[in-house]
Amino acid sequence: MDYNRIEKKWQEYWEKEKINYFNPKNADKKYYCLEMFSYPSAAKLHVGHWYNYGLTDSFARYKKMKGYEVFQPVGFDAFGLPAENYAIKTGVHPKDSTLKNIENMEETLREMGAMFDWNSEIKTCDESYYKWTQWLFLKLFEKGLAYRKAAPVNWCPSCNTVLANEQVIDGQCERCHSTVVKKNLTQWFFKITGYAEEVLSGLNDLDWPEKTKSMQRNWIGKSTGGEIEFGTESGDKFKVFTTRADTLFGVSFVALAPEHPLVAKLTTPECKEAVDHYIYETSKATEIDRLSTVREKTGVFIGAYAINPINNKKVPIFAADYVLYSYGTGAVMGVPAHDERDFVFAQKYDLPIVRVVKGKDGENDDLPFTQYGITINSQKFDGMTSEEAKKAIVNELVKQNKGEHKINYRLRDWLVSRQRYWGAPIPVIHCDKCGIVPVPYKDLPVKLPYDVEFKPDGKSPLAKHEGFMNVKCPICGGDAHRDPDTLDTFVCSSWYYLRYPDAHNAKEPFSKDIVDKMLPVDKYVGGAEHACMHLLYSRFITKALRDMGYLDFDEPFKSLVHQGVILGPDGMRMSKSRGNVISPDDYIKQYGSDTFRLTLMFGFSYTEGGPWSDDGIKAIGKFLDRIERLSDKVVQLKAEKNGNFGKNEKDLDYVRNYTIKCVDKDMDTFSFNTAVARMMEFLNALYKYDALSEKNAKFMREAFSDFIMLLAPCAPHFSEEIWERLGNKKSVFLSPYPVCNEAALVKDEVEVAVQFNSKMRGRIVVPAGVSEEEIRKILSQDEKLAPMLEGKEIKKLIVIPNRLINVII
RNA sequence: GCCGAGGUGGCGAAACAGGCAGACGCAAGGGACUUAAAAUCCCUCGGAAGAAAUUCCGUAUCGGUUCAAGUCCGAUCCCCGGCACCA
């Protein structure tokens, strides 16, 4: 078959017949199938795109044949750093290179033959899209969910911009791997922490990979404990957060983060020099050093003492850089006997180690003892379990107004401003008189100017563009200037799935009616690397929009699948520098896109991925050739003669229906490799039947038609072609998916395994559903098995119907 | 350290809910067809012993539960992904 020719033929046909487009009239049967949209890169589609888009398309086509009105849109996450960095290197404007890349990708995506609904295409860099990204920002601002504050932020000196916590990996920039430094800057944040509890608890009901849910849980990092107020001799007070209030009697020191304001205030003159020196040394340490767990715990006594509210004991206050100012209260109580860090610290600075919890059963003398146990040395709280003591001690402090129950989250607010050019401008105006003034909705979009000098110098490129920057204040009419920062591209991608179903709406980002009908996304497919970024941000934005009344559901993605990663033939991640990149194009030219797609389906477990091997594609080529050869025979079959439905027909009918049942289920669960395996078995059975001298032509034709329908989602062009050759006038994708006839799966006779004392001893054929009695009889007559039973007493007979018989003798 | 997912032939991988381990394919070997090659078709293909029938062993390691364990339980080792001085 001339694959490249028929691919074109059917792609044109689908386009002409509108096979791929979602019909809103059938929205009650909608199935929203979405692949994570991609960044428009200059290179052609790589294997990863194919693996994501191609295979999920097969799933979508399967759903379509199952009777769903499938909505499978496509678009581009078009803002972002690579285009800008490319521009800095080559002088090609980001807009020009991006639009050109998009054009390229559109073309190759069409060549894939996926049933994308191109009518709903989105490009986040279009004014008609980012207008609504800005709208979203303003709505969050109105709600108090977008705010500006000065804070120590992650700064990538190479990208010349701030980064969200999520974009810092091991202290390095996610993108360029430069070491990230802390800078004190005033930046825009989204208040995702306000939704910490809901994004956490909502995970329980999601059909998502457990791994991803646990990564989000981890990232959100909920811990339940108490905040306890310590006094000082000077009358100042500060709070510590602890999850182990049961160890409060064991406190022998208190440690404050070096940045904590009380450090400067409480340090005594005698200690000032040492403390200043310590703070200076700390500030020199890089973020990576400071975050290392193996780093020695250090600190410095500041000369002041704190008073433990539970027993009024005086304990020394230290400044210590293992205490993070950004978490909890920036102050911790030191309980050396029951915390490893505190233990090391106490040994180093010779502080008392007081045990206040003992093991529940038996003595455990090892310190630090970090498990829960029974309280000791804790006055009236002695003898309680840790769980009880935690509550009781905080309750006692609540009464004295010196503490409260408290939940802390590790999650930080999402830093969304970027000092870069190629993004959506932040739609606010800074006025000396009126402060921060949101751009009026009627003035959106705030257009990103084209003629901008974006060579990096540590400041936002837009700041240098006077025509952009200088505006009149919408309130007072006086001179004012725009915000020179742009939004993190994750803001653009945090709501795109809402825009697709109503992509051309010029009056609002999306109609409430439409999204309430079309969302949540029924199946979302993409890489696992987005677990704590895109997937978390989108959930937050959905909930925020819900609370503002713009939609009526809680979660954007009901069901999520992560595809695995296809590695180079050497088992390493594909990269140009390694020279192990597999280019789909070469294979598609030679074997066709369906062959390539099927190879990916059959060769890997979808969620695992693995190294590419050249051998697989030849095998699939052979498989398709075999199908084509058989189709020629089927077409030429003379219908008349044999209308019998005997044993051979029954056998084939069994395989046919078994295949339908299995493939149906496998497609539904992204178990593509086994679905293809079942189809191969079916084809083998069809060949076996075809080899018979007597065959029922009508029946074989039907069985073969079923085969092609099962294959169609996985090899769309090829199947359409064969389908047409079989004499069908309409697209195979308009025919209903085959339904398994359960009756055909009931066999008269089954082969079961026979074990004696649990060891395999042979196989026998028995009528389906025989009684134990009959089995005994059959066994005693079996010429191979009967002699082995002679003179032995059958103590017990275990029968697993249609599978196995275990004879205990 | 914590959380999560894994470890099955020469290779990619299957195994519903504890019930014939290795489906389906690749590679390899043998054969048929052919002048020959390609293509196609047939057979073998976890290991060991045996002429064979057959037997024994085998799902990272050790132990347990069970008539029966890749699957369940306990311990250990290894690999991958994530988090990590989070109090």
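Residues numbered from 1 in each chain as written. Chains lettered and ligands numbered in written order. Predicted model: local features only at pLDDT ≥ 70, side-chain atom pairs only at ≥ 80, totals over all residues. Heavy atoms only, no water.

S.K.: Can you help me understand the overall build of chain A in this one?
M.R.: Helix and strand counts for chain A stand at 26 helices and 33 strands. With the C-alpha coordinates aligned to their principal axes, the bounding extent of chain A is approximately 110 × 85 × 50 Å. Residues counted as buried form 55% of the 809 residues belonging to chain A. Restricting to contacts in chain A with at least 6 residues of sequence separation, those with at least 24 account for 71%. Carbon and sulfur atoms provide 50% of the accessible area of chain A, an area that totals close to 36,700 Å². Charge-centre separation for chain A: the mean point of 110 positive side chains lies 1 Å from the mean point of 113 negative side chains. (Helix = DSSP H or I, 4+ residues; strand = E, 2+ residues; numbered from the N terminus. Buried < 20%, exposed > 50% of the residue type's maximum accessible area, 1.4 Å probe, protein only. Contact = heavy atoms within 4.5 Å. Areas by Shrake-Rupley, 256 points an atom, 1.4 Å probe, with all protein chains shown as cover. Lys, Arg positive; Asp, Glu negative; His and termini not counted. Charge placed at Lys NZ, Arg CZ, Asp CG, Glu CD.)

S.K.: Quick question: what am I supposed to make of the pattern of salt bridges here?
M.R.: Once the charged atoms of two side chains with opposite charge are near each other, the side chains can pair. Throughout the structure, instances matching the rule amount to 51 salt bridges. We note a salt bridge from Lys 348 to Glu 296, for which the minimum N-O separation is 2.5 Å. Taken together, the residues span a long stretch of sequence, with Lys 348 in helix H11 (residues 340-349) and Glu 296 in the loop between helix H10 (287-291) and strand S13 (299-307) at a distance of 52 residues. Take Glu 296: its relative accessible area is 51%, and that puts it in the exposed class. In this structure, the salt-bridge partner of Asp 552 is Lys 512, at a minimum N-O distance of 2.7 Å. Residue Asp 552 is located in the loop between helix H17 (534-547) and strand S27 (560-562), and its partner Lys 512 is located in helix H16 (residues 512-518); the two are separated by 40 residues in the primary sequence. For Lys 512, a relative accessible area of 30% corresponds to the partly exposed category. (Salt bridge = Lys/Arg side-chain N within 4 Å of Asp/Glu carboxyl O.)

S.K.: Hey, could you run me through the environment of Phe 369 in this one?
M.R.: Tracing the chain through its elements places Phe 369 in the loop between strand S16 (357-358) and strand S17 (374-375). Relative accessible area serves as the criterion here: at 4%, Phe 369 is assigned to the buried category. The spatial distance from the C-alpha of Phe 369 to the C-alpha of Leu 726 is 76 Å, given a sequence separation of 357 residues.

S.K.: Could you clarify how one ought to interpret the protein's contact with RNA strand B in this entry?
M.R.: Looking at RNA strand B, there are 50 residues lining it, with Lys 297, Arg 341, Gly 603, Ser 758 and Arg 803 nearest. Sugar and phosphate atoms represent 58% of those atoms of RNA strand B found within 4 Å of the protein. Measuring from a phosphate oxygen of RNA strand B, one finds a side-chain N or O atom of Ser 605 at 3.5 Å. Within the side chain of Asn 806, a nitrogen or oxygen atom sits 2.6 Å from a base oxygen of RNA strand B. In terms of residue class, the surface near RNA strand B is made up of 18 nonpolar, 15 polar and 17 charged. (Near = heavy atom within 4 Å. Polar contact = N/O pair within 3.5 Å; in protein donor to acceptor, adjacent residues only side chain to side chain. Nonpolar A, V, L, I, M, F, W, Y, C, P; charged D, E, K, R; others polar.)

S.K.: What's the story with the nonpolar core in this structure? I'm lost.
M.R.: The tendency in soluble globular proteins is for nonpolar side chains to be buried side by side. In terms of nonpolar packing, the biggest core is built from 177 residues, with Trp 414, Leu 498, Leu 598, Phe 623, Ile 627, Phe 704 and Phe 707 touching the most fellow members. Per-element tally for this core: the top contributor is helix H22 (residues 672-690), with 11 residues. Apart from the residues within four sequence positions on either side, Phe 623 is in contact with Leu 598, Met 679, Met 680, Leu 683, Phe 707 and Leu 711. With 35 residues, the next largest nonpolar core counts Leu 262, Ala 304, Val 356 and Leu 397 among its residues. (Core = buried A, V, L, I, M, F, W, Y, C linked by side-chain atoms within 4.5 Å.)

S.K.: Please clarify how helix H21 (residues 647-668) should be interpreted in this entry.
M.R.: Think of an α-helix as turning once every 3.6 residues; residues three or four places apart then point the same way. The end-to-end C-alpha distance of H21, which contains 22 residues, comes to 32 Å, matching closely the 32 Å that a straight helix rising 1.5 Å per residue would cover. Of all the positions in H21, only Glu 649, Leu 652, Asp 653, Arg 656, Asn 657, Thr 659, Ile 660, Cys 662, Val 663, Asp 664, Asp 666 and Met 667 are classed as buried. (Expected span 1.5 Å × (residues − 1).)

S.K.: Would you explain the pairing of strand S9 (residues 181-190) in this entry?
M.R.: Note: strand S5 (residues 146-156) against S9, 10 bridges, orientation antiparallel. In the sheet register, Ala 146 faces S9, and the bridge partner there is Phe 190. Bridge analysis of S9 against strand S19 (residues 414-415) gives two bridges, and the strand direction is antiparallel. In the strand pairing of S19, Phe 189 is matched with Leu 415. (Pairing = 2+ DSSP bridges.)

S.K.: Would you mind showing me how to read the sheet that holds strand S26 (residues 523-526) here?
M.R.: Sheet strands pair via backbone hydrogen bonds, and the direction of the pair is either parallel or antiparallel. If you walk across this open sheet you meet the four strands as S2-S1-S26-S27, and the pairing is parallel. Only two strands of the sheet have a single neighbouring strand rather than two, namely strand S2 (69-71) and S27. Within the sheet, the average angular offset between the axes of one strand and its neighbour, ignoring direction, is 20°. Alignment of strand S1 (residues 30-35) against S26, held across three bridges, turns out to be parallel. Of the residues in S26, the one forming a bridge with Cys 33 is Lys 523. (Axes fitted to C-alpha atoms, helices over the stretch in contact; angles between N-to-C directions.)

S.K.: Got a minute to help me understand the packing of aromatic side chains in this structure?
M.R.: Geometry of an aromatic ring pair is reported as the spacing of the ring centres plus the angle between the planes. With the rule as written, the count across this model stands at 58 aromatic pairs. Taken together, a centroid distance of 4.8 Å and an interplanar angle of 45° make the contact between Phe 345 and Tyr 349 tilted. Within this pair, Phe 345 and its partner Tyr 349 are both found in helix H11, separated by four residues, close to a single helical turn. Judged by its relative accessible area of 0%, Phe 345 is buried. Plain terms: the ring middles of Phe 596 and Trp 612 are 5.6 Å apart, the flat faces sit at 40° to each other, and that makes the pair tilted. Linking Phe 596 in helix H19 (residues 593-603) with Trp 612 in the loop between strand S29 (609-611) and helix H20 (615-636), this pair joins segments that are 16 residues apart in sequence. Note on accessibility: Phe 596 and Trp 612 belong to one class, buried. Here the aromatic cluster, defined as three or more aromatic residues joined through ring pairs, consists of Tyr 31, Tyr 51, Phe 59, Tyr 62, Tyr 68, Phe 604, Tyr 606, Phe 670, Phe 672 and Tyr 737. (Phe/Tyr/Trp six-rings, centres within 6.5 Å; stacked < 30°, edge-to-face > 60°.)

S.K.: What is the right way to look at the side chain of Asn 52 in this model?
M.R.: Along the chain, Asn 52 turns up in helix H2 (residues 47-65). Sequence-distant contacts of Asn 52, defined by excluding residues within four places in its chain, comprise Glu 35, Met 36, Val 525, Gly 526, Gln 563 and Tyr 606.

S.K.: Would you mind going over the sheet that holds S19 with me for this structure?
M.R.: If you trace the four strands from one edge of the open sheet to the other, you get S6-S5-S9-S19, paired in antiparallel fashion. In this open sheet, the two strands that pair with only one neighbour each are strand S6 (161-163) and S19.

S.K.: Sorry, what's going on with unusual backbone geometry here?
M.R.: Along the chain, Leu 444 connects to Pro 445 via a cis peptide bond; the corresponding omega equals 0°. In this structure, Pro 445 sits in the loop between strand S22 (435-438) and helix H13 (466-469). Residue Pro 520 is bonded to the preceding Leu 519 through a cis peptide linkage, with omega at 0°. Of note, Pro 520 is situated in the loop between H16 and S26. Phi is positive for Phe 670, close to 60°, though the residue is something other than glycine. Of the residues examined, Phe 670 reaches a relative accessible area of 5% and is grouped as buried.

S.K.: Sorry if this is basic, but what is going on with helix H1 (residues 3-17) here?
M.R.: With 15 residues, H1 should cover 21 Å at 1.5 Å per step; its first-to-last C-alpha distance of 21 Å lies within 8% of that length. Every buried residue belonging to H1 is among Tyr 3, Ile 6, Glu 7, Trp 10, Gln 11, Tyr 13 and Trp 14, and all of these are buried. Each buried residue of H1 sits inside an arc of 160° when the element is viewed along its axis, so together they form one side. Counted as exposed and oriented over 90 degrees from the buried face of H1: Lys 8 and Lys 16. The inward-facing, buried residues of H1 contact H2, helix H4 (94-112), helix H18 (584-591), H19, H20 and helix H24 (716-725). Of the residues trailing H1, Lys 18 is marked for its positive phi of about 55°. (Arc of directions from axis to C-beta.)

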